[in-house]
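# Observations on chain architecture
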Amino acid sequence: MTDKELIEGIYNNDQSSFRILVDKYQSLVLNTCHSFLHDRTIAEDITQEVFIEVFLSVHKFKKEAKLSTWLYRVSVNKTLNYIRDNKKRSFIRNIENYFTRKEDNFSENAICDSQHSEDLDIQEERIQILHKSINALSKNQKIAFTLSKLENLSYQQISEVMNLSLSSVEGLIHRAKHNVQNKILGYYEKK
Amino acid sequence: MKCKLVSKEKIILYYNNELSPLQNEEIKNHIENCEACFHLYSNLEMTYDLINIKDSLETNPFLFTRISQRLVDIKNRENQTIFQPIYHKMAQALVFSFVVIIGLLGGILLGSIEKPEDYEQSSVLQTTEFYFNDLEQEKMEALLINEE
Ligand SMILES: [Zn+2]
């Protein structure tokens, strides 16, 4: 079944078309949400919401548009809205995590103080620093950078998702890369 | 640790291969001999390179079932909100007619308890009835406006 046939099927309330569409694109949606959130449970929740929106607003979908472009766009919007609405809550959760993690480390280190677990901690810290540096980007830089570097979309695809010119996308990603690297250096400058 | 000779921006340009060959060689030599710059450069490399690790998530086989369930819930909720105003209107109409009936019965009752002279009594009754009707009519209009 082509995407066009799937959309047509959903438009005509055909359950099996919707099931095929969900199976075909759930990896794309889930991984896109996850690359912004880095939290599997929340990414799964938002994935459900993305497909619900697709089902409910299929009549608005332009026939000449690409389904994957639409899915990327809905996924990014829903995820960023979630992050915006939960900034306060996640800030509190981060503080909680920070303290519980400290306790965990304490007990872990007491049991096995190996080089291996220390390496993992450093690696984990590096990943956190990278994610925080990406999160600090402005909205458009974050979208373009994440879709390019974490989701491997081409500049052409990103320009379609974001409705921007190719050169704007190039500029956004270039500036985002420098900003992320500058943030990373900022962390290690203090160390 | 901070280096006074080389800026963060220079290290970034060097890392991204965006310097001229001459500058590139200069910074390369500097980083090899400056502890602060080596610390920054090596940490930038080890951290930023992690962007290339792709962890593709496995999909959830129950996703479609969950979505279907949520769509059913949404439809049920929609149906409820469609019926709610109808019940609401019916209840309002009932209360309204109840008030009218009680008002009329009360008026008739009052009229039958006190019996002054015939002419006066009927005029008083008539005017109170008019006031009463005016009030009720206003209420009815307000009700319709509110409903719109
Ligand atoms: Zn230096």
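Residues numbered from 1 in each chain as written. Chains lettered and ligands numbered in written order. Predicted model: local features only at pLDDT ≥ 70, side-chain atom pairs only at ≥ 80, totals over all residues. Heavy atoms only, no water.

## A look at the overall build of chain B
Under the convention used in this document: Numbering of helices and strands runs from the N terminus; a helix is a DSSP stretch of H or I covering at least four residues, while a strand is a stretch of E covering at least two. To sort residues, take the accessible area from a 1.4 Å probe on protein chains only and compare it with the maximum for the residue type: under 20% means buried, over 50% means exposed, and anything in between is partly exposed. Per-residue and other accessible areas follow the Shrake-Rupley method at a 1.4 Å probe size, with only the shown protein chains counted as cover for residues.
Of regular secondary structure, chain B possesses five helices and zero strands. Listing the helices and strands of chain B from first to last along the sequence gives α-α-α-α-α. Considering chain B as a whole, with its 148 residues, one finds that 22% of them fall into the buried category. As displayed, chain B offers around 11600 Å² of accessible surface, 59% of which is attributable to carbon and sulfur atoms.

## Details of the confidence of the model for chain A
Our working definition: pLDDT measures the predictor's confidence residue by residue and takes values from 0 up to 100. For this analysis, residues touch if any pair of their heavy atoms sits within 4.5 Å.
When pLDDT is averaged along chain A, the result is 89; 86% of the residues meet or exceed 70. Per-residue pLDDT stays below 50 along residues 102-111 of chain A; that stretch engages in two contacts with residues further than four places along the chain or on separate chains.

## Digging into the interface of chain B and chain A
The cut-off we apply is this: Throughout, the accessible surface (probe 1.4 Å) given up by two parts as they are put together, summed over both, is called the buried area. A carboxyl oxygen of Asp or Glu within 4 Å of a side-chain nitrogen of Lys or Arg is what we treat as a salt bridge. Residues adjacent in sequence count toward polar contacts only when both atoms are side-chain atoms; beyond that, a polar contact is any pair of N or O atoms within 3.5 Å, and within protein one must be able to donate a hydrogen and the other to accept it.
Contact residues are listed per partner, giving 36 residues for chain B and 41 residues for chain A. When the area that chain B buries against chain A is broken down by residue, the three leading residues are B:Y48, B:L57 and B:F64, summing to 18%. The tally of links from chain B across to chain A stands at two salt bridges. Ionic pairing is found between B:K8 and A:E189, a salt bridge with its closest N-O pair at 3.8 Å. On the surface where chain B and chain A come into contact, there are 15 residue pairs in polar contact (both at pLDDT 80 or more). Residue contributions to the side of chain B that touches chain A peak at nine residues, all from helix α4 (residues 63-113) of chain B.

## What about the nonpolar core?
Put simply, the test is: The set of buried Ala, Val, Leu, Ile, Met, Phe, Trp, Tyr and Cys residues whose side-chain atoms join them within 4.5 Å is what this entry labels a nonpolar core.
Membership of the largest hydrophobic core comes to 46 residues, with the highest contact counts inside it found for A:F18, A:F51, A:L71 and A:L147. Listed by contribution, the elements that provide at least two residues to this core are α1 (3-11), α2 (15-37), α3 (40-56), α4 (67-85), α7 (139-150), α8 (155-162) and α9 (166-189) of chain A together with α4 of chain B. For this core, the leading source of residues is α2(A), giving 10 residues. Not counting residues up to four positions away in its chain, the partners in contact with A:L71 are A:Y25, A:L28, A:V29, A:V50, A:F51 and A:V54. By size, the runner-up hydrophobic cluster in this structure holds 28 residues, among which are B:V6, B:I11, B:Y15 and B:I31.

## Notes on the environment of A:W70
Residues and elements named next belong to chain A. In this fold, W70 is placed in helix α4. Overall, W70 belongs to the buried group, its relative accessible area being 16%. Excluding its chain neighbours within four sequence positions, the residues that come into contact with W70 are I7, V54, S57, V58 and F61.

## Looking at the coordination of the zinc ion
Residues and elements named next belong to chain B. Our working rule: Metal-coordinating donors are taken as N, O and S atoms lying within 2.8 Å of the metal, or within 3.2 Å when the metal is Na, K or Ca; because water is left out, some sites can appear incomplete. Angle rules define the geometry names used: all angles between 85 and 135 degrees makes four donors tetrahedral, while opposite donors over 155 degrees apart and all other angles between 65 and 115 make four donors square planar and six octahedral, leaving every other case irregular.
Those donors, C3 (SG), H30 (NE2), C34 (SG) and C37 (SG), are the protein atoms that reach the zinc ion, and they lie 2.1 to 2.4 Å from it. Geometry at the zinc ion is tetrahedral, judged from the four donor atoms that bind it and their angles of 103 to 119° at the metal. Site description for the zinc ion: donor spacing in sequence, C-x26-H-x3-C-x2-C. Within this pair, whereas C3 is found in the segment before α1 (8-15), its partner C37 is found in helix α3 (residues 35-48), the two being separated by 34 residues in sequence.

## Overview of a negative patch on the surface
Applied cut-off: Distance thresholds for patches are 9 Å for like charges and 5 Å for nonpolar side chains (Val, Leu, Ile, Met, Phe, Trp, Tyr), applied to residues having over 30% relative accessible area and no salt bridge. Within this scheme the basic residues Lys and Arg register as positive and the acidic residues Asp and Glu register as negative, but His and the chain ends are omitted. All charge positions are set by atom: Lys at NZ, Arg at CZ, Asp at CG, Glu at CD.
A contiguous patch of negative charge on the surface is contributed by A:E118, A:D119, A:D121 and A:E124. Among the structural elements, A:D121 can be located in helix α6 (residues 115-135).

## With respect to the side chain of A:Q141
All names here are of chain A. When you line up the elements, Q141 lands in helix α7. On the basis of relative accessibility, which here comes to 10%, the residue Q141 falls in the buried class. At a separation of 2.9 Å, a polar atom in the side chain of Q141 contacts the side chain of N179.

## A short note on the domain arrangement of chain B
As a reminder, the rule being used: Segment limits for the domains were obtained from an automatic or database-derived domain assignment.
Each assigned domain of chain B is listed here: domain 1 (8-56) and domain 2 (63-111). Computed from C-alpha atoms alone, the centre-to-centre distance between domain 1 of chain B and domain 2 of chain B is 69 Å.

## Let's talk about the pattern of salt bridges
Taken as a whole and assessed by the stated rule, the structure comprises six salt bridges over all chains. Among the salt bridges present, the one from B:R70 reaches A:E49, with a minimum N-O distance of 3.5 Å. With one member in each of two chains, B:R70 in helix α4 and A:E49 in helix α3 form a pair that bridges those chains. Accessibility expressed as a relative area gives 27% for B:R70, which makes it partly exposed. In this structure A:E49 comes out as partly exposed when scored by relative accessible area, which is 33%.

## A word on the confidence of the model for chain B
Residues and elements named next belong to chain B. The predicted model of chain B averages 79 in pLDDT, with 72% of residues at 70 or higher. Note on residues 123-148: pLDDT under 50 across the span, and 13 contacts to partners over four residues away in sequence or across chains. Interface confidence in the predicted complex, given as ipTM, is 0.82; pTM for the same model is 0.73.

## Regarding the domain arrangement of chain A
Residue and element names in this part refer to chain A. For chain A, the domain assignment lists domain 1 (1-86) and domain 2 (115-191). Computed from C-alpha atoms alone, the centre-to-centre distance between domain 1 and domain 2 is 24 Å. Taken together, the contacts link 11 residues of domain 1 with 12 residues of domain 2. Both sides together, the interface formed by domain 1 and domain 2 hides about 1200 Å², and carbon and sulfur atoms give 65% of it. Together, F36, H38 and Y72 form the three largest contributors to the area buried by domain 1 at its contact with domain 2, with a combined 39%. Counting every contact that joins domain 1 to domain 2 gives zero salt bridges. Our count for the domain 1 to domain 2 interface comes out at three residue pairs in polar contact (both at pLDDT 80 or more). The set of elements that each furnish at least two residues to the side of domain 1 that touches domain 2 consists of α2 and α4.

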